[in-house]
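Residue-level structural notes
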Amino acid sequence: MASPFATVLDSLIRQRGVTAAMVVSERDGIAIDANLQIGQSGDRVAALAAFLFRKARLSARAAGMGEVSFLQLEAPAGRICAVGGGSLVLVVVAESTVNVGLIRVELLRGVDALRHAGGVESDR
Amino acid sequence: MADEVRRLSDELARDPASRVFVPLGEALRKQGQLDLALKVTLRGLERHPHLPDGHDLLARIWVDRNELLRAFDEWDMVLRLSPGHTSAMRGMGFVSYQLNRLPEAEQYLSAALAALPAGETDEGVTMALANVRTAQGLPAPTTDPASGDTVLPPGTAHDPRFLFSDVLSDAEQTALLLDRDGLVLAGAYVGHDGRDLAQEVGAELSGVTDAARRATRHLALGDWTSIVFETEVAVVAMSPSAGDGLLVLATSRATPLGLVRRLLDRCLDRAQKWLGGRY
């Protein structure tokens, strides 16, 4: 049976330049579901991306800036994008040439599905 | 990191008297799970009250919780147990600096540098010491320019909290320079109630540089250049700085992303010059 996140992940991985899409628990960094290119291992990236998102959320809270909606890490050969949906984080790894605007829109679209599928606001 | 915490937790469960509470508490602290890190560390110290590294960890947890006086007292305990403990002197120097006790900060940071083994350097302490001396209007440590080390010209006394003031274009923009532990080196973040929240923000961001580096290296993306995140009211951009530090820029949501990047570059340039003693 397909996971409740399969549709969201499928729509992300279909975007040009996207090499991985994952749903990760923000609290412990464990990948709950993933759609990866052949040969990739997502566990470590999932944990680190969740950690970065959690840090962003906690620092924004400390600064009174409200909730974090979208995070992007850039490097010369690619980027990691993430959005939070309750206790879950939707993570995308992409090539540097990817259309970030499009990925951002797709990720933010996926957040609602994430919330409905299990990203319950808890233990925050 | 989650695997590491699990492994260490299992080890501690198998042998509650072991000293593994120190790396476990540190891993939890780095994950931002401060309550849990505090609990593990306090329990561990009940069994090992004379373990300097346990007290050192507890001090760093207090810093992350912005309880600077408690952190200072804990590091004081470390020095009693282990005179010359470099991490304790370093920490007491940074806390003294944050509390604006500049002569004390200079004393501890100088001692931390002096306690390093021959041939070893600590860029964070060297930079902090230069800043403390500059803030006091004292000549900063000057080394051979050919070596590329810090050279601060005389007359550069400047309050580090205002380092980015003239680079930023309006009151809704602010920037912070953090060291590798999330301690504030320069800049400020003033909240709506007028309180400087820089220390709290810095503490929450400790470990970001390391996690970003590990993620991009694991994916063979090259060294990370920036992290940008959007919140309900702000855009925050971060960039790695010298000595595993972090430059953080916050602007209003209305600021165009292109301008955010340009401001980040300008602040980074200012920070590099300042750290190099050229501002």
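Please read these numbers as outputs of a predicted model, since none were measured by experiment. (Residues numbered from 1 in each chain as written. Chains lettered and ligands numbered in written order. Predicted model: local features only at pLDDT ≥ 70, side-chain atom pairs only at ≥ 80, totals over all residues.)

**A short note on the overall build of chain A**
Looking only at helices and strands, chain A features three helices and five strands. Along chain A, from the amino end to the carboxyl end, the secondary structure elements read α-β-β-α-β-β-β-α. Among the 124 residues that make up chain A, the fraction classed as buried is 52%. Sequence separation of at least 24 residues holds for 55% of the intrachain contacts in chain A that already meet a minimum separation of 6. (Helix = DSSP H or I, 4+ residues; strand = E, 2+ residues; numbered from the N terminus. Buried ≥ 20, exposed ≤ 12 C-beta atoms within 10 Å, placed from the backbone. Contact = placed C-beta atoms within 7 Å.)

**A few points about the overall build of chain B**
Each helix and strand in chain B was counted, giving 11 helices and five strands. For chain B, the proportion of its 279 residues judged to be buried stands at 48%. Considering only intrachain contacts with a sequence separation of at least 6, the fraction spanning at least 24 residues in chain B is 43%.

**Side note on the pairing of strand E2 (residues 184-187) of chain B**
All names here are of chain B. Two elements, strand E1 (residues 174-178) and E2, share three bridges in a ladder whose sense is antiparallel. Bridge pairing links Leu 177 to Ala 186 in E2. Between E1 and the antiparallel strand that follows it, E2, lie five residues; Gly 182 among them carries a positive phi value of about 85 degrees. (Pairing = 2+ DSSP bridges.)

**Notes on the interface of chain B and chain A**
Every contact between the two is made by 38 residues of chain B and, on the other side, 35 residues of chain A. Of all the elements in the fold, those that place two or more residues in the side of chain B that touches chain A are helix H9 (198-204), helix H10 (208-218), strand E3 (226-231) and strand E4 (234-241) of chain B. The biggest single contributor to the side of chain B that touches chain A is H10(B), with seven residues. Classifying every residue of the side of chain B that touches chain A gives 21 nonpolar, 11 polar and six charged. As defined by bridge partners, strand E3 (residues 68-75) of chain A adjoins E3(B) across six bridges and the pair is classed as antiparallel. In the sheet register, A:Phe70 faces E3(B), and the bridge partner there is B:Glu230. (Nonpolar A, V, L, I, M, F, W, Y, C, P; charged D, E, K, R; others polar.)

**Points about the sheet that holds E2(B)**
The strand order across the open sheet formed by 10 strands is E2(A)-E1(A)-E5(A)-E4(A)-E3(A)-E3(B)-E4(B)-E5(B)-E1(B)-E2(B), and the pairing between neighbours is antiparallel. At either margin of the open sheet sits one strand with a lone partner, and together these are strand E2 (31-36) of chain A together with E2 of chain B. Strand-to-strand twist of the sheet, defined as the mean angle between neighbouring strand axes without regard to direction, takes the value 15 degrees. Here strand E1 (residues 18-25) of chain A pairs with strand E5 (residues 88-94) of chain A via seven bridges, running antiparallel. The residue of E5(A) that forms the bridge with A:Val24 is A:Val89. The strands that helix H1 (residues 6-13) of chain A touches are E1, E2 and E5 of chain A; relative to E1(A), the one it contacts most, it runs at about 150 degrees. (Axes fitted to C-alpha atoms, helices over the stretch in contact; angles between N-to-C directions.)

**Comments concerning the confidence of the model for chain B**
Residues and elements named next belong to chain B. Per-residue confidence for chain B gives a mean pLDDT of 82; residues scoring 70 or more make up 88%. Contacts for the low-pLDDT stretch residues 141-157, under 50 throughout, to residues beyond four places or in other chains number 26 contacts. Note on the complex model: pTM 0.62, ipTM 0.88. (pLDDT = per-residue confidence, 0-100.)

**Let's talk about H1(A)**
Taken residue by residue, H1(A) has A:Val8, A:Leu9 and A:Leu12 as its buried positions. Buried residues in H1(A), looked at end-on, bunch into an arc of 95 degrees, giving them a common side. (Arc of directions from axis to C-beta.)

**With respect to the nonpolar core**
Proteins that are soluble and globular tend to have nonpolar side chains buried together. If you look at the biggest cluster of nonpolar residues, it comprises 129 residues, and the most contacted ones within it are A:Ala49, A:Leu52, A:Leu90, A:Val92, B:Val248 and B:Leu249. Sort the elements by how many residues they give to this core and helix H2 (residues 43-62) of chain A lands first, with 12 residues. Those residues in contact with A:Leu90 that sit more than four places away from it in its chain are A:Val8, A:Val23, A:Ala82, A:Val83, A:Gly85, A:Leu107, A:Gly110, A:Val111 and A:Leu114. (Core = buried A, V, L, I, M, F, W, Y, C linked by C-beta atoms within 7 Å.)

**Let's talk about the pairing of E3(B)**
Residue and element names in this part refer to chain B. Taken across its six residues, E3 has six buried, putting it largely inside the fold. Side chains Ser 226, Val 228 and Glu 230 of E3 all project onto a buried face; the interleaved residues Ile 227, Phe 229 and Thr 231 project onto the opposite face, where all are buried too. With four bridges connecting them, E3 and E4 associate as antiparallel partners. Directly across from Val 228, in E4, lies its bridge partner Ala 237. From the end of E3 to the start of E4, which pair antiparallel, there are two residues.

**Considering the packing of helix H7 (residues 102-114) of chain B against helix H8 (residues 123-135) of chain B**
The angle between the axes and the distance between the axes are what describe a pair of packed helices. Residues and elements named next belong to chain B. Between H7 and H8, the least distance of the axes is 9 Å, while the angle of their chain directions is 150 degrees. Taken together, the axes of H7 and H8 are roughly antiparallel relative to one another. Taken as a pair, H7 and H8 cross one another with a handedness that is left-handed. Side by side, H7 and H8 meet where Leu 102, Ala 105, Glu 106, Leu 109, Ser 110, Ala 112 and Leu 113 of the first sit next to Val 125, Thr 126, Ala 128, Leu 129, Val 132, Arg 133 and Ala 135 of the second. (Parallel < 35°, antiparallel > 145°, perpendicular 65-115°, else oblique. Left-handed = near helix turned anticlockwise from the far one by under 90°.)

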